[in-house]
Amino acid sequence: MTQGKKKKRAANRSIMLAKKIIIKDGGTPQGIGSPSVYHAVIVIFLEFFAWGLLTAPTLVVLHETFPKHTFLMNGLIQGVKGLLSFLSAPLIGALSDVWGRKSFLLLTVFFTCAPIPLMKISPWWYFAVISVSGVFAVTFSVVFAYVADITQEHERSMAYGLVSATFAASLVTSPAIGAYLGRVYGDSLVVVLATAIALLDICFILVAVPESLPEKMRPASWGAPISWEQADPFASLKKVGQDSIVLLICITVFLSYLPEAGQYSSFFLYLRQIMKFSPESVAAFIAVLGILSIIAQTIVLSLLMRSIGNKNTILLGLGFQILQLAWYGFGSEPWMMWAAGAVAAMSSITFPAVSALVSRTADADQQGVVQGMITGIRGLCNGLGPALYGFIFYIFHVELKELPMTGTDLGTNTSPQHHFEQSLKNITTF
């Protein structure tokens with residue numbers, strides 16, 4: 001054997017040794033401390049706080065880009081994004097069951113936040129990238145699988161409630177902060193700040209988030225050989241799809257969330273133009289609803305899970321949902337909207353309770369795929385609801401009124417479009 005070959009083999013051994021020391025979670029460095037719910041909470045908070053800041057600027061850009069068919073185009077954008085999420089969420093969840101959660105957290109957060117800097121560069125590209133980002137805009141499925149890896153079954157509902165409540169908290173304050181900064185310093189600063197927070201989230205995942213999937217359940221590194229059965233996400237989907245309980249839960253999620261997705265796509269239009277809410281009243285409405293949702297998804301959810309059980313908690317949440325939908329529909333006075341909002345906050349217990357139930361029915365190596373199925377169904381509803389209502393608005397020639405043409409008016413933060421409607425929708429349904 002020549003001296004050159006010996007040196008090459010020694011170098012290869014050194015590289016493999018370095019990989020064993022550095023790469024222990026599927027190809028990325030270990031994070032800070034042991035995996036915990038708090039890592040998941042921070043990831044969710046930063047991602048959606050960044051998007052919440054863009055509430056007012058997004059509305060203005062949407063209206064300026066599509067002045068004649070604002071609702072229709074918003075519906076189409078959300079429809080494409082929701083359909084792509086529906087198709088991709090189970091696959092990404094299944095792959096995370098093999099390769100680990102951290103890499104897919106990084107992937108989903110990066111592509112979900114990728115459109116943010118494009119808002120000021122090119123509005124057309126901004127909305128185009130938002131549409132196709134639905135392929136990876138499924139952070140919740142990976143986060144809930146992450147939480148399932150590190151919690152016991154009896155702890156899961158509380159952990160899911162904490163994640164959902166953090167999500168709501170990020171959207172209670174960020175729209176108002178974004179509107180204020182836009183009014184004082186301009187929308188460009190808001191976009192830069194949102195981009196910086198998104199980058200902070202990505203860096204946090206890279207540096208601080210440890211892998212949660214046990215090492216024995218994943219390859220030693222990205223280069224390690226695995227069987228096709230392990231890598232094939234369709235095999236996991238087929239196996240989970242044969243579980244009648246999981247399928248019934250998916251049907252429940254679809255039937256419960258579709259009307260809410262449509263309702264909240266037009267809710268602010270209803271409050272502003274029918275119920276005559278002032279901009280300040282709508283802002284207060286969202287803040288109060290968000291605070292009540294946080295309480296419901298933490299304290300109330302924990303008490304209900306211990307006292308009446310998982311299934312009955314879901315049934316109670318669905319009952320609150322039916323009541324709030326009917327109350328919003330038949331209410332004719334402003335106080336009725338506030339009362340219905342309190343009921344809507346209580347209905348927010350449904351999703352974390354459903355996630356806990358489906359997590360308990362799945363094996364440890366299928367947490368990603370089952371959470372992906374639930375997230376995918378919700379993504380489909382997020383697309384179908386706004387698309388259907390946007391088409392109805394288009395047919396009946398319903399368009400925005402009282403819309404400022406700049407992002408410097410706080411009133412832009414109270415119109416029924418895009419991420420601001422997402423704020424209320426997500427607060428009450430996550």
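Cut-offs applied
- Residues numbered from 1 in each chain as written.
- Predicted model: local features only at pLDDT ≥ 70, side-chain atom pairs only at ≥ 80, totals over all residues.
- Heavy atoms only, no water.
- UniProt positions renumbered as here; feature names shortened; annotations may be inferred.
- Salt bridge = Lys/Arg side-chain N within 4 Å of Asp/Glu carboxyl O.
- Buried < 20%, exposed > 50% of the residue type's maximum accessible area, 1.4 Å probe, protein only.
- Helix = DSSP H or I, 4+ residues; strand = E, 2+ residues; numbered from the N terminus.
- Expected span 1.5 Å × (residues − 1).
- Bend = angle between axes of the 7 residues up to and from the residue.
- Phe/Tyr/Trp six-rings, centres within 6.5 Å; stacked < 30°, edge-to-face > 60°.
- Lys NZ or Arg CZ within 6 Å of the ring centre and 35° of its normal.
- Core = buried A, V, L, I, M, F, W, Y, C linked by side-chain atoms within 4.5 Å.
- Contact = heavy atoms within 4.5 Å.

The name an unreviewed UniProt entry assigns to the protein chain is Hippocampus abundant transcript 1 protein isoform X3, from the organism Bos indicus. According to the UniProt record, the Subcellular location (unreviewed entry) comment for the protein chain is "Membrane". Check the Sequence similarities (unreviewed entry) section of the UniProt entry for the protein chain; it says "Belongs to the major facilitator superfamily."

Further remarks concern the pattern of salt bridges. For the structure shown, the criterion picks out two salt bridges. One salt bridge in this structure joins Arg101 and Asp97, with 2.7 Å as the shortest N-O distance. Arg101 gets classed as buried once you look at its relative accessible area, which sits at 0%. Judged by its relative accessible area of 5%, Asp97 falls in the buried class. Notably, a salt bridge pairs Asp149 with Arg101, separated by 2.7 Å at the nearest N-O pair.

The end-to-end C-alpha separation of helix H9 (residues 153-185) is 48 Å, in line with the 48 Å expected for 33 residues at 1.5 Å each. Of all the bends in H9, the largest measures some 30 degrees and sits at Ser174, one to four residues before the proline Pro175. Looking one or two residues past H9, Gly186 carries a phi angle of roughly 100 degrees, positive in sign.

Once that is clear, we can look at the packing of aromatic side chains. One pass over the full model with this rule turns up 11 aromatic pairs. Geometrically, the ring pair formed by Phe111 and Phe136 is stacked, given 4.5 Å between the ring centres and 25 degrees between the ring planes. On the criterion of sequence distance, the pair formed by Phe111 in helix H5 (residues 101-113) and Phe136 in the loop between helix H7 (123-132) and helix H8 (139-150) is long-range, its members being 25 residues apart. Ring geometry for Phe285 and Trp338: centres 5.3 Å apart, planes at 65 degrees, overall edge-to-face. Residue Phe285 is found in helix H15 (residues 279-307), and its partner Trp338 is found in helix H17 (residues 334-347); the two are separated by 53 residues along the sequence. The ring of Phe351 carries the charged tip of Arg378 above its face, separated from the ring centre by 3.9 Å.

As a further point, take the nonpolar core. Leu54, Leu105, Ile116, Phe127 and Val163 are the most contacted members of the largest nonpolar core, which totals 76 residues. For this core, the element with the most residues is helix H2 (residues 37-53), which contributes 11 residues.

Moving on to the environment of Val343. Secondary-structure assignment places Val343 in helix H17. Accessibility expressed as a relative area gives 11% for Val343, which makes it buried. Counting along the chain gives 21 residues from Val343 to Ile322, while the straight-line C-alpha distance between them is 9.6 Å. Contacts of Val343, omitting those with residues within four sequence positions, involve Phe320, Leu323, Gln324 and Trp327.

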